[in-house]
Amino acid sequence: MACVERCCRCCAEGRRHSSILYSILRSEERAVPPAGPAPQGCPCGSRRRVALRSPQVACKAASAVLVKTLRFVQNVPCFQELPLEEQLLLVRSCWAPLLLLGLAQDRVQLETVESAEPSMLQRILTARQQGEQPPPRAPAPGRPQHGPHLPSAGDIQAIKSFLAKCWSLDISTKEYAYLKGTVLFNPDLPGLQCTQYIEGLQREAQQALNEHVRLIHRGDEARFAKLNVVLSLLRSINANVVAELFFRPIIGAVNMDDMLLEMLCAKL
């Protein structure tokens with residue numbers, strides 16, 4: 001797929017970043033205290049939660065990859081031909097898998113630490129000692145929880161498994177480009193007007209990937225299927241988890257739609 005292949009090379013030249021990402025990338029790294037042992041609470045009431053070992057470092061790395069990824073997207077001629085509304089729909093739906101592909105391509109290591117959340121009984125006793133109101137009851141199973149999506153050990157393991165799979169396949173720059181094209185041009189999104197055109201672009205990206213694999217990896221007939229397994233792993237990762245993990249620790253509650261709109265309309 002020519003319009004994707006022309007954007008294989010990473011555009012490393014620094015141009016004007018959007019204000020949100022620019023502040024992250026320019027911020028100085030703060031010293032992060034070494035992680036101590038997890039607090040010993042009641043095992044029946046604690047839940048495994050996961051946090052980044054060095055949030056500043058990881059967030060800056062993810063922000064740099066996001067800028068590079070959107071620069072790649074903006075430089076795809078077929079994407080530029082779409083109306084702005086269509087561009088926004090596509091980017092809002094696929095920014096997280098594109099970011100994860102970029103993290104895998106740049107071999108960004110994901111170091112995390114586990115911590116135990118205090119049980120309900122511990123929080124009630126602590127609140128009473130401090131003269132505060134007891135915390136509200138947890139929602140019943142099956143009811144949606146309001147508030148931030150806190151990454152669990154399972155969420156992080158899904159991301160780590162995806163990265164490990166990419167690294168084990170030693171995916172090339174062109175293969176990453178075709179995978180990104182397949183993810184970007186998703187014709188199944190509700191609200192799209194250029195569905196047939198976008199479907200054709202996705203099909204071209206898959207065909208180009210297949211032809212490239214058959215040409216370069218003639219002895220590995222299963223490689224094309226293995227690369228599509230990578231795409232299936234991406235679909236199992238929640239975009240909210242990616243936002244909470246890489247951006248919330250540094251810039252707080254972040255509206256990714258606003259950030260993406262700002263970045264897409266900027267000259268990255």
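This structure is a prediction, so every number in the text was calculated from the model and none was measured. (Residues numbered from 1 in each chain as written. Predicted model: local features only at pLDDT ≥ 70, side-chain atom pairs only at ≥ 80, totals over all residues. Heavy atoms only, no water.)

### Description of the overall build of the chain
- Counting its regular elements, the chain contains 13 helices and two strands.
- Put simply, the chain has 268 residues, and 39% of those count as buried.
- Taking the contacts inside the chain whose residues are at least 6 apart along the sequence as the reference set, 84% of them involve residues at least 24 apart. (Helix = DSSP H or I, 4+ residues; strand = E, 2+ residues; numbered from the N terminus. Buried < 20%, exposed > 50% of the residue type's maximum accessible area, 1.4 Å probe, protein only. Contact = heavy atoms within 4.5 Å.)

### Focus: the packing of helix H8 (residues 173-184) against helix H10 (residues 223-235)
- In contact at an axis separation of 11 Å, H8 and H10 are set at 50° when each is read in the N-to-C sense. As judged from the angle between their axes, H8 and H10 are oblique. By crossing handedness, the relation of H8 to H10 is classed as right-handed. In contact with Glu 175, Leu 179, Thr 182 and Val 183 of H8, H10 contributes Arg 223, Leu 227, Leu 231 and Leu 234.
- A class-by-class count of the residues in the contact of H8 with H10 yields five nonpolar, one polar and two charged. (Axes fitted to C-alpha atoms, helices over the stretch in contact; angles between N-to-C directions. Parallel < 35°, antiparallel > 145°, perpendicular 65-115°, else oblique. Left-handed = near helix turned anticlockwise from the far one by under 90°. Nonpolar A, V, L, I, M, F, W, Y, C, P; charged D, E, K, R; others polar.)

### Digging into the environment of Ser 232
- Mapping Ser 232 onto the fold places it in helix H10.
- When the C-alpha atoms of Ser 232 and Phe 162 are compared, they prove to be 9.5 Å apart, with 70 residues separating the residues in sequence.

### Digging into the confidence of the model for the chain
- Overall, the prediction assigns the chain a mean pLDDT of 77, with 67% of residues at 70 or greater.
- Low confidence marks residues 8-47, where pLDDT is under 50. Its contacts with residues over four positions away, or in another chain, come to 63 contacts.
- Scored below 50 in pLDDT, residues 137-148 shows five contacts in the model against residues more than four places distant or in partner chains. (pLDDT = per-residue confidence, 0-100.)

### Notes on the packing of helix H5 (residues 84-105) against helix H11 (residues 239-246)
- The contact between H5 and H11 brings their axes to 9 Å, and the two run at 55°. If you check the angle between H5 and H11, you find them oblique. Along this stretch, H5 crosses H11, giving a crossing that reads as left-handed. For the pair H5 and H11, contact is made by Trp 95, Ala 96, Leu 99, Leu 100 and Leu 103 and by Ala 239, Val 242, Ala 243 and Phe 246, respectively.
- When the residues that make up the contact of H5 with H11 are grouped by side-chain class, the tally is nine nonpolar, no polar and no charged.

### Description of the nonpolar core
- If you look at the biggest cluster of nonpolar residues, it comprises 66 residues, and the most contacted ones within it are Phe 79, Leu 90, Trp 95, Phe 162 and Phe 185.
- Considering each element in turn, this core owes the most residues, 12 residues, to H5.
- Non-local contacts of Trp 95, meaning those with residues more than four positions away in its chain, are made with Ala 239, Val 242, Ala 243, Phe 247, Met 256 and Leu 260. (Core = buried A, V, L, I, M, F, W, Y, C linked by side-chain atoms within 4.5 Å.)

### Re the packing of aromatic side chains
- Here the structure, examined in full by the defined rule, presents one aromatic pair.
- Above the ring of Phe 72, the side-chain terminus of Lys 180 is found at 5.1 Å from the ring centroid. (Phe/Tyr/Trp six-rings, centres within 6.5 Å; stacked < 30°, edge-to-face > 60°. Lys NZ or Arg CZ within 6 Å of the ring centre and 35° of its normal.)

### Details of H10
- Between its first and last C-alpha atoms H10 spans 19 Å; for 13 residues at 1.5 Å apiece the expected length is 18 Å, and the two agree.
- Residues Arg 223, Leu 227, Val 230, Leu 231 and Leu 234 constitute the buried set of H10. Angularly, the buried residues of H10 cover 100° about the axis, an arc narrow enough to put them on a single face.
- Looking at the buried residues of H10, the elements they touch are H5, helix H7 (153-169), H8 and helix H9 (195-216). (Expected span 1.5 Å × (residues − 1). Arc of directions from axis to C-beta.)

### Description of helix H13 (residues 256-265)
- Within H13, the full set of buried residues consists of Met 256, Met 259, Leu 260, Met 263 and Leu 264. Buried residues along H13 cover an arc of 125° about the axis, so they all sit on one side.

### Considerations on the side chain of Thr 182
- Along the polypeptide, Thr 182 turns up in helix H8.
- The class of Thr 182 is buried, set by a relative accessible area of 8%.
- Thr 182 has contacts with Gln 202, Ala 205, Gln 206 and Leu 231, leaving out every residue within four places of it along the chain.

### Description of the pattern of salt bridges
- Within this structure, the stated rule accounts for four salt bridges.
- Residue Lys 68 is joined to Asp 106 by a salt bridge in which the shortest nitrogen-to-oxygen separation is 3.0 Å. A residue pair is termed long-range when its members are at least 10 positions apart, and Lys 68 in helix H3 (residues 55-74) and Asp 106 in the loop between H5 and strand E2 (112-116) qualify at 38 residues.
- Residue Lys 68 is classed as partly exposed on the basis of its relative accessible area, which comes to 27%. (Salt bridge = Lys/Arg side-chain N within 4 Å of Asp/Glu carboxyl O.)

### Focus: unusual backbone geometry
- Not every positive phi belongs to a glycine, and Arg 107 is a case in point at roughly 55°.
- Inspection of the secondary structure assignment puts Arg 107 in the loop between H5 and E2.
- Here Arg 107 falls in the partly exposed class, since its relative accessible area comes to 43%.
- You will see that Asp 170, though not glycine, has its phi angle at about 50°, which is positive.
- If you trace the backbone, Asp 170 turns up in the loop between H7 and H8.
- For Asp 170, a relative accessible area of 55% gives the class exposed.

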